[in-house]
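Descriptive analysis of the structure
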Amino acid sequence: MKTIEVDEELYRYIASHTQHIGETASDILRRMLKFSAGQEVKSTPAVAGSPVSGAAAQEKAPAVAANTARDKVRAVRELLLSDEYAEQTKAVNRFMLILSTLYCLNPKEFAAATDSLRGRTRTYFAGDQQTLLQNGIHTKPKHVPGTPYWVITNTNTDRKRSMIEHIMQLMQFPAELTDKVCGTL
């Protein structure tokens, strides 16, 4: 047995694909990679600039985009069904879990969505606690786990729902899933 180090984001992704209690990370990866014990490893190194025909790339692009969209939706649904999410008794804790998951799914889209999200007098998201404290007296900033972001948390639940809805819309989640997530806060 070998030990490998993975960052928090990758660990959460692997753990989110657990299908039963006691399933190991190796079991999950084997299932996800469709790799069985004793199977011969075929190495096909990726070489920068290796030729790929335009037609082949165009054929793969829509399939990859569709799979990515399905994976995003699946990951959010799995969060809603997870024990960790169900154990949260406070809206602010569920809010933080949702934000963390959305960031892990696509950091660039998350960044774009949060950059455009501001209140009349407040900044809701920032890269550090001090920025949020400067834009409000009682903001109660908290670090969003697994991200470089801080978020104000003293807003009411409706405002938290509004922020999640805004982010999910800009990240192009289906409306029914967005509504479902917002309804759990």
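Heads up: the structure comes first, above all this text.
Description of the structure in this document. Source: prediction; values computed, not measured.

Some details on the sheet that holds strand β2 (residues 141-143)
Backbone-to-backbone hydrogen bonds join strands into a sheet, with any given pair of strands oriented parallel or antiparallel. Taking strand neighbours across the sheet as the criterion, the three strands line up as β1-β3-β2 in an open arrangement whose pairing is antiparallel. Two strands in the sheet have a free side with no partner beyond their single neighbour: β1 (125-126) and β2. Sheet topology note: the β1/strand β3 (residues 150-152) ladder contains two bridges and is antiparallel. Counted as the bridge partner of Phe-125 is Val-151 from β3.

What about the layout of surface pockets?
Here the largest pocket defines a volume of roughly 650 Å³. Arg-12, Ala-15, Ser-16, Glu-78 and Ser-82 are the residues nearest the centre of the largest pocket, which is lined by 25 residues in total. Where the lining of the largest pocket is concerned, the elements lending two or more residues are α1 (8-15), α3 (54-81), α4 (83-86) and α5 (91-105). For the lining of the largest pocket, the element with the highest residue contribution is α1, accounting for six residues. For the lining of the largest pocket, the residue count by class is ten nonpolar, eight polar and seven charged. The calculated volume of the second largest pocket comes to roughly 400 Å³. What lines the second largest pocket is a set of twelve residues, and nearest its centre among them are Lys-2, Ile-4, Ala-25, Ser-26 and Leu-29.

Focus on the pattern of salt bridges
Under the counting rule described, the total for this entry stands at three salt bridges. For Glu-78, the salt bridge identified is with Arg-74, shortest N-O distance 2.8 Å. One end of the pair, Glu-78, and the other, Arg-74, are both in helix α3, four residues apart, so they sit about a helical turn from each other. Of the charged contacts in the structure, one is a salt bridge between Arg-161 and Asp-158, with a shortest N-O distance of 2.8 Å. Taken together, the residues span about one helical turn, with Arg-161 and Asp-158 both in helix α8 (residues 157-170) at a distance of three residues.

What about the packing of α5 against α8?
In the contact formed by α5 and α8, the axes pass within 11 Å of each other and the chain directions differ by 10°. Here α5 lies roughly parallel to α8, going by the angle between them. Packed against α5, whose contacting residues are Ala-91, Val-92, Phe-95, Ile-98, Leu-99 and Leu-102, the element α8 presents Thr-157, Lys-160, Met-163, Ile-164, Ile-167 and Met-168 at the interface. Split into classes, the residues belonging to the contact of α5 with α8 amount to ten nonpolar, one polar and one charged.

Let's talk about unusual backbone geometry
One non-glycine residue, Lys-140, lies in the positive phi region at around 50°. Relative accessible area serves as the criterion here: at 59%, Lys-140 is assigned to the exposed category. Phi is positive for Gln-172, which is not a glycine, with a value near 60°. Tracing the sequence through the fold places Gln-172 in the loop between α8 and α9 (175-183).

Re helix α6 (residues 107-115)
If you check which residues of α6 are buried, you get Phe-110, Ala-111, Ala-113 and Thr-114. Looking down the long axis of α6, one finds its buried residues gathered within 165° of arc, a one-sided arrangement. In α6, the exposed positions that point more than 90 degrees away from the buried face belong to Lys-108 and Asp-115. Summarising the contacts, the buried residues of α6 are in contact with α5, β1 and α8.

Things to note about the nonpolar core
Core analysis: the biggest nonpolar cluster contains 34 residues, and Leu-99, Leu-102, Phe-110, Phe-125, Ile-164 and Ile-167 have the highest contact counts within it. Of all the elements in the fold, those that place two or more residues in this core are α3, α5, α6, β1, β3, α8 and α9. Not counting the four nearest positions on each side in its chain, Phe-110 is found in contact with Leu-99, Leu-102, Tyr-103, Phe-125, Tyr-149, Ile-167 and Met-171.

Cut-offs applied
Residues numbered from 1 in each chain as written. Predicted model: local features only at pLDDT ≥ 70, side-chain atom pairs only at ≥ 80, totals over all residues. Heavy atoms only, no water. Pairing = 2+ DSSP bridges. Helix = DSSP H or I, 4+ residues; strand = E, 2+ residues; numbered from the N terminus. 1 Å grid on protein atoms, 1.4 Å probe; cavity = no way out; pocket = protein on both sides within 12 Å on 5 of 7 lines; lining within 4 Å. Points joined across faces, edges and corners; volume = space filled by probe spheres on them. Nonpolar A, V, L, I, M, F, W, Y, C, P; charged D, E, K, R; others polar. Salt bridge = Lys/Arg side-chain N within 4 Å of Asp/Glu carboxyl O. Axes fitted to C-alpha atoms, helices over the stretch in contact; angles between N-to-C directions. Parallel < 35°, antiparallel > 145°, perpendicular 65-115°, else oblique. Contact = heavy atoms within 4.5 Å. Buried < 20%, exposed > 50% of the residue type's maximum accessible area, 1.4 Å probe, protein only. Arc of directions from axis to C-beta. Core = buried A, V, L, I, M, F, W, Y, C linked by side-chain atoms within 4.5 Å.

Purely geometric stuff here, so don't read any function into it on its own.
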